[in-house]
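So you can see what is in the structure, the chains are spelled out below.
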2 protein chains.
Amino acid sequence: MSAEDVVGAPRQVAVVGLGLIGGSLARLLAVRGVDVVATDVSPATRAAARRAGLSVADDVAACVAQADLVVLATPLRAMPGVAAEVATHAPASATVTDVGSVKGPVRDEVRAAGLADRYVGAHPMAGTEHSGFDASDAGLLDGVRWAVTIQADVDPARLVRVLALVTGPCSGAAVVLTDDVHDEAAALVSHVPHVVATQLLNTVVGAPVRDVALGLAAGSFRDGTRVAFTDPERTEAMVTQNAAWVAPALRKVVRDLELVIEALESNGSTHAFFRAADDLRAAGRPPAPVGAGSVRVERVPLVTGWPTSLVERCTAGAVVVGLTPTHAEVVAEGAR
Amino acid sequence: MSAEDVVGAPRQVAVVGLGLIGGSLARLLAVRGVDVVATDVSPATRAAARRAGLSVADDVAACVAQADLVVLATPLRAMPGVAAEVATHAPASATVTDVGSVKGPVRDEVRAAGLADRYVGAHPMAGTEHSGFDASDAGLLDGVRWAVTIQADVDPARLVRVLALVTGPCSGAAVVLTDDVHDEAAALVSHVPHVVATQLLNTVVGAPVRDVALGLAAGSFRDGTRVAFTDPERTEAMVTQNAAWVAPALRKVVRDLELVIEALESNGSTHAFFRAADDLRAAGRPPAPVGAGSVRVERVPLVTGWPTSLVERCTAGAVVVGLTPTHAEVVAEGAR
């Protein structure tokens, strides 16, 4: 699908930061015929991106000057400086989005730079165990699910622009949420699992029976610790950025585990613990993201209040799979 | 390798219980030309085993009457009755072993039946998400690593018999351990990971953002909860049977997580937590079991005290990969 076919599609996209995600997005947009200009703070990365055939600007100012959609793809710690440059050099009409795995803290940075009115948050649900432009690939973000986060007073035209990017040239689907719901959900299905995987590994490392334990390790340990073998610095950054939601979720984990321990120590029942998720077991493991080919497409009219309506539907499990001039196409996933 | 080539190999093996593991062991031994007689409490399972070409006895008494190695492959709850029957009907010279995932409680049952002197514990490190004879397969236990557990006063000839089974017709490798070291290690690399996987799933099930969270779930959640989607009844049985080691290991998990929570809540450092296992990360994920083809084979002479010597080496990470009339062949895995 070319960019022109999509309602509200951006004319020119600026991608600021060419790591794994920024690089993959720039490559995908280029493949799909979108006018994309990218930049990175590293001259070596800019050179590599030019060799890969991308259109590369030497600095943020040149990168964003003509853009109507700016994608911030830098680490959170670089966000204040980059956001300030975007505020200075991007057209006021340009919508600003990002690709970070935590949304509330990014909005705080963007707001501090005076970009609050132009910002719609975004988080593509994809990644690999590698990082950097060398690991980027046009296929990584092709057809994946994105979380898109807004506030109630979002400019609907800016939401359209980001949804158009996701469902158009990226061939993806979007779950429209508040920052808080996104960040709580991400804590549960990503950040807490990363902490727990790290803890499983730490428990063995510190044990007197460490060597025997590693020698006996089979599937449950290998799966349970897989993400603990990825870059711990990146994991720590992700977890600490979402501390506000990770900490209470971990408190719940600790409370539940204490009940299990007490039952094990007193020969009490652990039945409720092991059966609490039986309905999910019956439904099977979480499905792969639905695509536009899914059945039961519902058309949500783009009338006053439609962003809030999308948030309500998506918070209950629906996914935006397409846009028309007058409607958002929504797929309901059904109760799981 | 035929059974006759192996030092101390059993002439006839009785397999009592034809679930996933018992069935797979009986099939593998039959394929390898071992004289194996099997039985199961279920007539339907016995019929299925006969259709699969196995030699099947109608009851425990007939199954074990001529055996010189009896493998108890029943659930722990059936162990008291089965062990009593074995004590009555098996020759006194027959060695008794098992395939359970927890060793101390099995030894307690076997001791109660008067079989303590004849028992050597065993636990093959293999399994699938399925169970029952229908899921059994000769390949499941072919070439896998076994934990073999003994007490200091073990009859060396009985240990030889079990090691011969593992390293001979099963083409496997054995880690010789005390029950306690096995059960502690199994708690760390299997039972605690199962509890934690269950908790990750339970945390999402009970959350208000459940549907969004499942919709956003990617690799870390899918891997981290994989074993929570297996039969929860079997998981609960495994965990509660090893409560003595699982409970303190979970206490350590809870203590460590509380430190992480406190750091997250106070903007403190989580660096030590995320870097505690860096040496393991540098070494890479746990390797697949070594086989007999591995280099650096050391020959441990079968002289007075050799079982204890094997326990010491295996507790430090070594693996028994073969037997000769005078030596055990041991592979050192090196520090990890």
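See the structure shown above.
Small disclaimer: the values here were computed from a predicted structure and weren't measured.

1. A short note on the overall build of chain A
- Across its full length, chain A holds 14 helices and 11 strands.
- Computed over C-alpha atoms, the radius of gyration of chain A comes to 21 Å, within 12% of the 20 Å expected from 2.2 N^0.38 for 336 residues, which places it in the range of a compact globule.
- Here chain A holds 336 residues, and the buried ones make up 55% of them.

2. A word on the sheet that holds strand β1 (residues 12–16) of chain B
All names here are of chain B.
- With parallel pairing, the 5 strands of this open sheet are ordered in space as β3-β2-β1-β4-β5. Each of the sheet's edge strands pairs with one partner strand only, and the pair in question is β3 (55–56) and β5 (95–98).
- Those strands touched by helix α4 (residues 79–89) are β1, β4 (69–72) and β5, and its axis lies near 170 degrees from that of β4.
- Sheet strands touched by helix α6 (residues 156–167): β4 and β5. Its angle to β5, the strand with the most contacts, is close to 50 degrees.

3. Here we look at the pairing of strand β5 (residues 95–98) of chain A
- Alternating residues of β5(A) divide into Thr95(A) and Thr97(A) and Val96(A) and Asp98(A), and every residue in both groups is buried.
- In this region the chain leaves strand β4 (residues 69–72) of chain A, passes through helix α4 (residues 79–89) of chain A and returns to the parallel neighbour β5(A); the handedness of that crossover is right-handed.

4. A word on helix α10 (residues 232–241) of chain B
- Every buried residue belonging to α10(B) is among Pro232(B), Thr235(B), Val239(B), Thr240(B) and Gln241(B), and all of these are buried.
- Summarising the contacts, the buried residues of α10(B) are in contact with α11 (243–265) and α12 (271–275) of chain A together with α5 (104–112), α7 (179–205) and α11 (243–265) of chain B.

5. A word on the packing of α4(A) against helix α5 (residues 104–112) of chain A
Residues and elements named next belong to chain A.
- Where α4 contacts α5, the two axes come as close as 8 Å, and the packing angle between them is 45 degrees. Put simply, α4 runs oblique to α5. When you trace α4 past α5, the crossing you get is right-handed. When α4 is examined against α5, the residues Met79, Pro80 and Ala83 are found in contact with a partner set consisting of Val106, Glu109, Val110 and Ala112.
- Here the residues of the contact of α4 with α5 sort into 6 nonpolar, no polar and 1 charged.

6. Comments concerning the environment of His194(A)
- By secondary structure assignment, the location of His194(A) is in helix α7 (residues 179–205).
- His194(A) sits in the buried class, given 24 other C-beta atoms within 10 Å.
- Placed 34 residues apart in sequence, His194(A) and Ala228(A) show a C-alpha to C-alpha distance of 6.5 Å.
- Discounting chain neighbours no more than four positions away, the residues touching His194(A) are Val227(A), Thr235(A), Met238(A), Val239(A) and Ser220(B).

7. Some remarks on the interface of chain B and chain A
- Across the contact, 82 residues belong to chain B and 82 residues belong to chain A.
- No other element matches the 21 residues that α7(B) contributes to the side of chain B that touches chain A.
- Among the residues forming the side of chain B that touches chain A, the class breakdown is 51 nonpolar, 15 polar and 16 charged.

8. As for unusual backbone geometry
Residues and elements named next belong to chain A.
- The backbone phi angle of Ser171 is positive, close to 55 degrees, even though this residue is not glycine.
- Summarising the element assignment, Ser171 is placed in the loop between α6 (156–167) and β8 (173–177).
- According to the C-beta neighbour criterion, Ser171 is partly exposed, with 17 such atoms within 10 Å.
- For Asn267, which is not glycine, the phi dihedral falls at a positive 60 degrees.
- Judged by C-beta crowding, with 8 C-beta atoms within 10 Å, Asn267 ranks as exposed.

9. Some thoughts on the sheet that holds strand β3 (residues 55–56) of chain A
Residues and elements named next belong to chain A.
- What the 5 strands build is an open sheet, ordered β3-β2-β1-β4-β5; its pairing is parallel. Each end of this open sheet is capped by a strand with a single partner; those strands are β3 and β5.
- Here strand β1 (residues 12–16) pairs with β4 via 4 bridges, running parallel. Looking at β4, one finds that Val16 is bridged to Leu72.
- Here α6 sits on the sheet in contact with β4 and β5, set at roughly 50 degrees to β5.

Each value, and the rule that gives it
- Residues numbered from 1 in each chain as written.
- Chains lettered and ligands numbered in written order.
- Predicted model: local features only at pLDDT ≥ 70, side-chain atom pairs only at ≥ 80, totals over all residues.
- Helix = DSSP H or I, 4+ residues; strand = E, 2+ residues; numbered from the N terminus.
- Rg over C-alpha atoms; globule rule 2.2 N^0.38 Å.
- Buried ≥ 20, exposed ≤ 12 C-beta atoms within 10 Å, placed from the backbone.
- Pairing = 2+ DSSP bridges.
- Contact = placed C-beta atoms within 7 Å.
- Axes fitted to C-alpha atoms, helices over the stretch in contact; angles between N-to-C directions.
- Right-handed = clockwise from strand over helix to strand, strands pointing away.
- Parallel < 35°, antiparallel > 145°, perpendicular 65-115°, else oblique.
- Left-handed = near helix turned anticlockwise from the far one by under 90°.
- Nonpolar A, V, L, I, M, F, W, Y, C, P; charged D, E, K, R; others polar.

By themselves, these are just geometric observations and shouldn't be taken as functional.
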